[in-house]
Each structure stands twice: as structure tokens, then as C-alpha cells.
Amino acid sequence: MSLTLIANWKLHGSKSFSRDWLNSFNDSYQGSSLSSIGIAPPSIFIDDLTKHIDNPGISIGSQNVDHFPSGARTGEISADMVADAGGQFSLAGHSERRIFFQETNADIALKLDLISESSLIPILCIGESIDEKDQNKTEIILEQQIIESLSAGSKLQNLIIAYEPVWAIGSGSSAAPEEINSIHKLIKDIVQSRFSALDLQGVIYGGSVNIENAFPILEEEEVDGALIGGASLNGEEFAKIANIFNELKEL
Ligand code: 13P
């Protein structure tokens, strides 16, 4: 099964936080399978987390990898290193990486290739800014992000795209469910028409998903899951969102 609900812990966590999180998650999670759930902790905790998760269990992955496989790149982590530490997926192109670390679509294309070559599941994050939305440029921006990031797309296996409108991330208010649904459909159509050989596993939504709004968002037909930041730091809330998802999609 492909990943559907992913916790992005961003710059939060510790080894003791991971233990507490897993305990609260396990206390509240009602599903029978964990294989569609992922956690992207800060990379330094990947190794520790993989050792504390039952197998087959939750997948652990990274929030980012470098766009070079190795070299004089102080402070960076490669896709191979994530795989070696037991990681199973990696995000690429999160808007916080694009904004704070000036990542370009060309960098992201290189990252996706390396992630895939390391046998990790690649998760491409895309999304428009508030200015782009206000100027009715959402479609053109998403198309550009997809086309430029998937330039070597035919080689990618098991790709997941996360639609995360920048203006919804951390704002406390998500995009409207119908709007998310139609944008997910648009993303699938773009991939289908431009990269028909590509194995797109699903389009998941991120941006202020929480226990209150999870149901209406996840029940939309084209929403294949969610990438969750703030609300994922609480193991109980994340488990409850996963329960809603499992019920809706009858997993
Ligand atoms: P929030 O859920 O905190 O809005 O973050 C979303 C996100 O950026 C996940 O990658």
C-alpha cells in the first residue's frame, strides 16, 4: 500500500518525544494496518524511530535530502544515507525548503531522482503562494512545478504528490474541501497528460489539517491522504485523523 497519511514533524522532536508520541499514537489508533502511515521526523531521529516501530509498521522518512549524492556539502544528508538509516520515503520541495533555502524546481528534480534511485518513495510537495492565488495563477504555478520537477519523471517509481498551498500551511485554516478536490483532479490530469508513463500513487493534501477539518477534506474523492504538520506533533490527534481516514476509505 502507498503512503496516505504522513506526519511532518518539521524542526520538532527528540528521542523521548518519539517514545511518547508512539505510545499516544498506539493508544488511540484503531486500524489494523500501519503500512499507509509515515512519519518524517528531523533526519537525526530516523534511525532511532525505525528501531522502535514494529515491523511491518509505520514508515519513517526524511523531510529533505541533498540534491547531490555525496561531496563537500557540509551539513547535508543524502538519499542513500536516509535509506541506510532505515528511511523508506523522502519529501522533496516542501515550500519551507523553497522559501527559506531557495530550492528551485531544478534542485527538486535532482532530489527526486536521487530519492528514487535510493529506493525511497518520493513525495513531491507543490503549492501556490497567496499572491499567486490572488492573481489566479494557481494552475500555471502548479503545472510549472510539476513539469520542472518531474523532468526525469519516467524513472520515478511510486511517486506521491502533496498539494500544500503555501497560504494554508500553519495558518489554522485549510483550503476549502471542494477547492482541494478540484486542484487534486487538476494535478492528476497534468501528470497524466504530461507524464503518462509515470506511476503516480496519489495526491495528498497538506495545510492546517486537524481533527476538526479532517473529515470533510479526506472524504473528497480526489484526496488520497494528508501531509500534516502541527497536528501531527500530537500522537493522539494524528491517530484520530488516521482513524477517520481509515473509516472513510474503508481500509
Ligand atoms: P500544517 O499542518 O502545520 O499546516 O503544516 C502542513 C505542512 O507543511 C506539512 O508538510
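Preceding block: the structure.
Cut-off values and rules
- Residues numbered from 1 in each chain as written.
- Predicted model: local features only at pLDDT ≥ 70, side-chain atom pairs only at ≥ 80, totals over all residues.
- Heavy atoms only, no water.
- Axes fitted to C-alpha atoms, helices over the stretch in contact; angles between N-to-C directions.
- Helix = DSSP H or I, 4+ residues; strand = E, 2+ residues; numbered from the N terminus.
- Parallel < 35°, antiparallel > 145°, perpendicular 65-115°, else oblique.
- Left-handed = near helix turned anticlockwise from the far one by under 90°.
- Contact = heavy atoms within 4.5 Å.
- Polar contact = N/O pair within 3.5 Å; in protein donor to acceptor, adjacent residues only side chain to side chain.
- Buried < 20%, exposed > 50% of the residue type's maximum accessible area, 1.4 Å probe, protein only.
- Pairing = 2+ DSSP bridges.
- Right-handed = clockwise from strand over helix to strand, strands pointing away.
- Phe/Tyr/Trp six-rings, centres within 6.5 Å; stacked < 30°, edge-to-face > 60°.
- Lys NZ or Arg CZ within 6 Å of the ring centre and 35° of its normal.
- Patch = residues over 30% accessible without salt bridge, like charges linked within 9 Å, V, L, I, M, F, W, Y side chains within 5 Å.
- Areas by Shrake-Rupley, 256 points an atom, 1.4 Å probe, with all protein chains shown as cover.
- Salt bridge = Lys/Arg side-chain N within 4 Å of Asp/Glu carboxyl O.
- Nonpolar A, V, L, I, M, F, W, Y, C, P; charged D, E, K, R; others polar.
- Lys, Arg positive; Asp, Glu negative; His and termini not counted.
- Near = heavy atom within 4 Å.

Enquirer: So what exactly am I meant to see when it comes to the packing of helix α5 (residues 105-117) against helix α7 (residues 138-149) here?
Expert: Each packed pair of helices is defined by two parameters, the angle between the axes and the distance between the axes. Their axes nearest at 8 Å, the elements α5 and α7 cross at an angle of 45°. Taken together, the axes of α5 and α7 lie oblique to each other. Regarding α5 and α7, the two cross each other, and that crossing is right-handed. For the pair α5 and α7, contact is made by N105, I108, A109 and L112 and by Q144, Q145, E148 and S149, respectively.

Enquirer: So what exactly am I meant to see when it comes to the side chain of S90 here?
Expert: Mapped onto the secondary structure, S90 falls in strand β4 (residues 89-92). A polar contact is formed between the side chain of S90 and the side chain of S62, at a distance of 2.8 Å. Every residue in contact with S90, bar those within four places of it in the chain, is listed here: S62, N64, V65, I115, L120, I121, P122 and I123.

Enquirer: Honestly, the pairing of strand β3 (residues 59-62) in this entry has me stumped. Any pointers?
Expert: A regular strand places its side chains on the two faces of the sheet in alternate fashion. Of the two faces of β3, the one lined by S59 and G61 and the one lined by I60 and S62 are each fully buried. Bridging between strand β2 (residues 37-40) and β3 involves 2 bridges; their strand directions are parallel. In the sheet register, I39 faces β3, and the bridge partner there is I60. Where β3 and β4 come together, 2 bridges link them in parallel fashion. Directly across from S62, in β4, lies its bridge partner S90. Remark: the β3/helix α3 (residues 79-84)/β4 crossover connection has right-handed handedness.

Enquirer: Any chance you could explain the packing of aromatic side chains here in plain terms?
Expert: Aromatic ring pairs are described here by two measures, namely the spacing of the ring centres and the angle between the planes. Following the criterion strictly, the structure yields 7 aromatic pairs and no others. In this structure an aromatic cluster arises from ring pairing among W9, F17, W21, F25, Y29 and F238. Sitting above the plane of the F101 ring, R97 keeps its charged end 3.9 Å from the centroid.

Enquirer: It is not clear to me how a nonpolar patch on the surface should be interpreted in this structure. Could you clarify?
Expert: Together, I99, F100 and F101 make up a nonpolar patch on the protein surface, roughly 350 Å² of accessible area in all. Residue position: F100 is located in helix α4 (residues 95-100). According to the relative accessible area criterion, F100 is exposed, its value standing at 58%.

Enquirer: What exactly am I supposed to notice about the packing of α7 against helix α8 (residues 177-194) here?
Expert: With their axes 10 Å apart at the nearest point, α7 and α8 run at an angle of 45° to one another. With respect to α8, the axis of α7 lies oblique. Judged by the twist between their axes, the crossing of α7 over α8 is right-handed. Between α7 and α8, the contacting residues are T138, E139, L142, E143, I146 and I147 on the first element and I183, L186, I187, I190, V191 and R194 on the second. Broken down by class, the residue content of the contact of α7 with α8 amounts to 8 nonpolar, 1 polar and 3 charged.

Enquirer: Quick question: what am I supposed to make of the side chain of D107 here?
Expert: Mapped onto the elements of the fold, D107 is located in helix α5. Buried within the structure, D107 lacks any salt-bridge partner; K111 is the closest side chain of opposite charge, at an N-O distance of 6.4 Å. Looking at D107, its side chain comes within polar contact range of the main-chain nitrogen of T104, at 3.0 Å. Dropping the residues within four chain positions of it, D107 is found in contact with H67 and Q102.

Enquirer: What should I look at first to understand the site of the ligand in this one?
Expert: Every residue near the ligand is listed here: N8, K10, H94, E164, I169, G170, G207, S208, L227, I228, G229 and G230. The separation between an oxygen atom of the ligand and a polar side-chain atom of H94 is 2.8 Å. A distance of 2.9 Å separates an oxygen atom of the ligand from a polar backbone atom of G229. When the ligand sits alone it has 300 Å² of accessible area, and the protein chains cover 95% of it. Tallied by class, the residues present in the shell around the ligand amount to 3 nonpolar, 7 polar and 2 charged.

Enquirer: What exactly am I supposed to notice about the pattern of salt bridges here?
Expert: Where charged atoms from two side chains of opposite charge come close, those side chains can pair. Considering all chains together, one arrives at 12 salt bridges under this definition. A salt bridge links R19 to D48, with the nearest nitrogen and oxygen atoms 2.9 Å apart. Taken together, the residues span a long stretch of sequence, with R19 in helix α1 (residues 15-28) and D48 in helix α2 (residues 46-51) at a distance of 29 residues. The exposure class of R19 is partly exposed, given its relative accessible area of 30%. By relative accessible area, D48 is classed as buried at 14%. Its salt-bridge partner being R73, residue D66 comes within 2.7 Å of it at the nearest N-O pair. Look at the salt bridges and you will find they share partners, linking R97, E103 and K111 into a network.

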